[in-house]
Amino acid sequence: MTKGVFKLQEILELQKKIVPELVNTLEKRYNVLRTICHNQPIGRRILAEMLTLGERTVRTEIGFLKDQGLIEINASGMTVTSEGIEIIYKLNDFIHEIKGLSEVEKKIETFLNLKKVIVVPGDIEENPLVLKDLGKACANYVKDVLEDNSIIALTGGSTLKEVVEAFPKITSLSKIQVVPARGGMGKKVETQANTLAATLAQKLNGTYKMLHISENLSLDIIDTLLKEEAVRAVIDTIHKADILIYGIGNAVQMAKKRGVPQLEINNLISQGAVGEAFGCYFNKDSEIISETTAVGIKINEARKIKTHIAVAGGQNKVESIISTEFNDINGVLVTDEATAYGILKRLDK
């Protein structure tokens, strides 16, 4: 390297050592601006509670952001200006570099033998906004690989709901199909795969198909339904998916959601189940120890899809992520900073 010429990462490292207060102030103001953007219009007191900061501190930061023309304050609360939104967008990558998350991503990619890892700043358990950032990061990745005639399959859940909500309206692509990756599970209609598939299809100016089968049905009923021509047509489309987006669950929690009898849950625990994906329960050595009846894509089929993305965060999912994603050479993982460090800490052991 030529004398006197520094790379961005080196400059950031110098800043953190010589003037760490600048980095801390940058992160604080970024979080304030981002929180206002996600919850606008919002009042000062609620903002202070969400950020767990004192009202005096929040008042100071609000004054600065207003003076810079990044926010507006009116009777209904604070809102972010177009310039403020642009600043948030530009700071995303900068904050990512300040925290050294590119290096974290590379380490997890190597340790888990994955195609790509995307880590968003923050802790999903301390800040609910980080869940929205997970959704945006996944949506941005999908937008980059999406092509005409693509078939997208996705599972349900609150994390996948954030992914769908993060998609803007896209009209530049044609003949996009969206389908649920698995049968229905749970009671919340808004997080069901069918609902999310329909919503995403509308945003992509595409079409969708629904799979009206609950995974909690008996084997006999499921087998009968799978023989129906309309159901078979949906299943065939699911198996042709070009892009798959799915969540990862804690084994015991997912078993309870699926209505698994307590005796079977105890059996899963005794066998060391830690992670769940696509109805498969994995132990800490990434071995499948149990599998529910699959209505849709199975785990082995999922790993053959060219673009398949797991979106998951939270310290309680560290073991689950490692167990389900290890050695998935075509897999993409989107997670949060705290979970990423938890994964590295666990792998170091």
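Residues numbered from 1 in each chain as written. Predicted model: local features only at pLDDT ≥ 70, side-chain atom pairs only at ≥ 80, totals over all residues. Heavy atoms only, no water.

Undergrad: I'm lost on the sheet that holds strand β12 (residues 307–311) in this one. Help?
TA: Either a parallel or an antiparallel arrangement is found when strands of a sheet pair, and the pairing is made through backbone hydrogen bonds. The seven strands are arranged β3-β13-β12-β7-β4-β5-β6 in an open sheet whose pairing can be described as parallel. Each edge of the open sheet carries a strand with a single partner, namely β3 (116–120) and β6 (207–208). Examined bridge by bridge, β12 and strand β13 (residues 331–336) share four bridges and lie parallel to one another. Bridge pairing in β13 places V311 opposite V334. Against the sheet, helix α6 (residues 101–112) touches β3 and β13, its axis set at about 145° to β3. (Pairing = 2+ DSSP bridges. Helix = DSSP H or I, 4+ residues; strand = E, 2+ residues; numbered from the N terminus. Contact = heavy atoms within 4.5 Å. Axes fitted to C-alpha atoms, helices over the stretch in contact; angles between N-to-C directions.)

Undergrad: How should I be thinking about the sheet that holds strand β9 (residues 273–277) in this particular structure?
TA: Read from one edge of the open sheet, four strands run β8-β9-β10-β11, paired in antiparallel fashion. The sheet is open, and its two edges are formed by β8 (249–250) and β11 (288–291), each paired on a single side. Alignment of β9 against strand β10 (residues 280–283), held across four bridges, turns out to be antiparallel. In the sheet register, G275 faces β10, and the bridge partner there is F282. Sitting on the sheet, helix α15 (residues 318–325) is in contact with β8, β9 and β10, with an inclination near 65° to β9.

Undergrad: Explain the UniProt feature "domain: CggR N-terminal DNA binding" (unreviewed entry) in the protein chain to me, please; I cannot follow it from the model alone.
TA: In the numbering used here, UniProt assigns the feature "domain: CggR N-terminal DNA binding" (unreviewed entry) to residues 26–95. In residues 26–95, the share of helix is 70% and the share of strand is 11%. The end C-alpha atoms are 9 Å apart. (UniProt positions renumbered as here; feature names shortened; annotations may be inferred.)

Undergrad: Would you mind going over the environment of I124 with me for this structure?
TA: Topologically, I124 is positioned in the loop between β3 and α7 (129–145). With 225 residues separating them along the chain, I124 and K349 place their C-alpha atoms 23 Å apart. Dropping the residues within four chain positions of it, I124 is found in contact with V130, L131, L134, G313, G314 and D336.

Undergrad: Is there a simple way to explain the domain arrangement of the protein chain in this structure?
TA: Where the parts come together, the accessible area they lose is often given as the size of the interface. Domain boundaries in the protein chain define domain 1 (8–94) and domain 2 (100–348). Summarising the inter-unit geometry, the C-alpha centres of domain 1 and domain 2 are found 32 Å apart. Contact with domain 1, which involves four residues of that partner, is made by five residues of domain 2. Of the roughly 570 Å² buried between domain 1 and domain 2 on both sides combined, carbon and sulfur atoms contribute 50%. (Domains from an automatic or database assignment. Buried area = accessible area lost by both parts, 1.4 Å probe.)

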